[in-house]
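Analysis of the macromolecular model
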Amino acid sequence: MTLVAGIDIGGTNIEGALVDDEHGVSERVKHRTPTDGPDAVVQRVVDLVDALDERPSAVGVGIPGPVSDGVVAQPPNLANWPPRVELAGLLRAALDVPVEVGNDANVGALGEWVAGAGRGSRFMLGVWMGTGIGGGLILDGRPYTGAFGGAGELGHMVVHHGGAQCGCGRRGCIEAYAGRASMERTAEAAHDGGRTSALFDIRRDESKKRLTSKVWARALDAGDGLATQLYAEAIEAVGVGVASVINLLDLDRIVIGGGLAEKLGQQLADDIAEAALPFTMVPNDSRTFAVAELGDEPGIIGAAALGRAAMLLG
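What comes next concerns the included structure.

What counts, and at which threshold
Residues numbered from 1 in each chain as written. Predicted model: local features only at pLDDT ≥ 70, side-chain atom pairs only at ≥ 80, totals over all residues. Heavy atoms only, no water. Helix = DSSP H or I, 4+ residues; strand = E, 2+ residues; numbered from the N terminus. Rg over C-alpha atoms; globule rule 2.2 N^0.38 Å. Buried < 20%, exposed > 50% of the residue type's maximum accessible area, 1.4 Å probe, protein only. Contact = heavy atoms within 4.5 Å. Areas by Shrake-Rupley, 256 points an atom, 1.4 Å probe, with all protein chains shown as cover. Lys, Arg positive; Asp, Glu negative; His and termini not counted. Charge placed at Lys NZ, Arg CZ, Asp CG, Glu CD. Expected span 1.5 Å × (residues − 1). Polar contact = N/O pair within 3.5 Å; in protein donor to acceptor, adjacent residues only side chain to side chain. Pairing = 2+ DSSP bridges. Axes fitted to C-alpha atoms, helices over the stretch in contact; angles between N-to-C directions. Parallel < 35°, antiparallel > 145°, perpendicular 65-115°, else oblique. Nonpolar A, V, L, I, M, F, W, Y, C, P; charged D, E, K, R; others polar. Core = buried A, V, L, I, M, F, W, Y, C linked by side-chain atoms within 4.5 Å.

Broken down by element type, the protein carries 11 helices and 13 strands. For the protein, whose C-alpha radius of gyration is 19 Å, the value lies close to the compact-globule estimate of 20 Å for 314 residues. Along the first, second and third principal axes, the C-alpha atoms of the protein reach 55 × 45 × 35 Å. Evaluated residue by residue, the protein yields a buried proportion of 52% over its 314 residues. For the protein, the share of sequence-separated contacts (at least 6 apart) that also reach a separation of at least 24 residues comes to 62%. In the structure as shown, the protein presents an accessible area of about 14300 Å², 48% of it carried by carbon and sulfur atoms. For the protein, the separation between the mean place of its 26 positive charges and that of its 41 negative charges on side chains is 4 Å.

A few words now on helix H8 (residues 225-249). Every α-helical turn comprises 3.6 residues, leaving residues that sit three or four positions apart pointing alike. A rise of 1.5 Å per residue sets the reference length of H8, with its 25 residues, at 36 Å; its end C-alpha atoms lie 36 Å apart and thus fit the reference within 8%. Where H8 begins, the side chain of aspartate 224 points an oxygen toward the backbone nitrogen of leucine 226, at a separation of 3.3 Å.

So, about the sheet that holds strand S11 (residues 142-144). Taken in spatial order, the 5 strands line up as S11-S10-S9-S12-S13 in an open sheet, and their pairing is mixed. Looking at strand neighbours, the two that pair on one side only are S11 and strand S13 (288-291), the edges of this open sheet. The average undirected angle you get between the axes of adjacent strands in this sheet is 25°. Where strand S9 (residues 124-129) lies against strand S12 (residues 253-257), 5 bridges are found, and the strand directions are parallel. The residue of S12 that forms the bridge with valine 127 is isoleucine 256. Sheet strands in contact with H8 are S9, strand S10 (133-139), S12 and S13, and its direction is about 160° off that of S9. Sheet strands in contact with helix H10 (residues 266-276) are S9, S12 and S13, and its direction is about 150° off that of S13.

Before going further, it helps to examine the packing of helix H5 (residues 180-192) against helix H6 (residues 198-205). At their nearest, the axes of H5 and H6 sit 10 Å apart, and the two run at 110° to each other. Considered as vectors, H5 and H6 are oriented roughly perpendicular to each other. Only Leu199, Phe200 and Arg203 of H6 make contact with H5, whose side of the interface consists of Glu184, Ala187, Glu188 and His191. Classifying every residue of the contact of H5 with H6 gives 3 nonpolar, 1 polar and 3 charged.

This part is about the sheet that holds strand S2 (residues 13-19). With respect to topology, 5 strands assemble into an open sheet ordered S3-S2-S1-S4-S8, the strand pairing being mixed. Looking at which strands have only one partner, the edges of the open sheet turn out to be strand S3 (25-32) and strand S8 (99-103). Between one strand axis and the next, the sheet turns through 15° on average, direction left out of account. Alignment of strand S4 (residues 59-63) against S8, held across 5 bridges, turns out to be parallel. Bridge pairing links glycine 62 to glycine 102 in S8. With respect to the sheet, helix H2 (residues 87-95) is in contact with strand S1 (4-9), S4 and S8, its orientation differing from that of S8 by roughly 150°. Each of S1, S4 and S8 touches helix H3 (residues 104-115); the most contacted strand, S8, lies at about 105° to it.

Our focus in this paragraph is the nonpolar core. Of all hydrophobic cores here, the largest spans 48 residues; its most connected members are Val127, Met129, Leu199 and Val242. Counting residues per element, this core draws most heavily on H8, at 13 residues. The contacts of leucine 199, once residues within four sequence positions are left out, are Ala187, Leu211, Val215, Trp216, Ala219, Asp224, Leu226 and Ala227. Among the nonpolar cores identified, the runner-up in size contains 29 residues, and Val29, Leu48, Val49 and Val59 belong to it.

By themselves, these figures tell us nothing about what the structure is for.
Put into structure tokens, the structure is as follows:
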């Protein structure tokens, strides 16, 4: 059995594991993400791989930001990175095994496609609802990353021209309404303006500093008015964006993942399907909306699939 390491680089943590031929995950390891640039991140990945019980035959990596031919461009949430870093080359030299690098959302979609809710799909969109909104595409049975590695940026599709401010600096992006960070800022502004909400009582009860997916889920379950309103706005924004992608690409499956999906389950996917339907030009009963199946592992499994492909291609 061939073991490949899947590495998921995030703004807070770097996680990795060994993944076998059947997409089974073992030997999970986590380290804090260094804040002093790419060389430190490369060394942290090397340390993580060295900490695994067995030496992998290849390594696959998911990382935020556009990735083309192993070059990472302006990764968000990673401190002290220059505009372009040849990350795959640096890791190949440091690890002396085949290495492939991809955008984290695309890698997550790949993981769900090979081993999760996307199995059997030929035209799939993966939607990741977390602090921001990510997306990844499978088109005609192959991962699709675009001409410059930037395909799948669902969160930065504009659904309200001149609308709410997004963290990217533009207005009206899906992420400005459905990203958990944006939802939290909107909720706090309403709370500061005098609106009561169970969100903040639950946050205190959970001893959390942020309005996590668990806090949102509990507030929605309690019927909190502000949480319900902001959730509805988020679902509408995602639904409009997903419908536009369906109209352009004629997808057969939409997989919804991320922290909110883990807490709300299939109901979240059903709500997005309902919101997308009025804006979908060609509805089809065979098109399915499904919640992701792999929990917090799609990035690791998808990264390992990239690494395995690099190994097989030589």
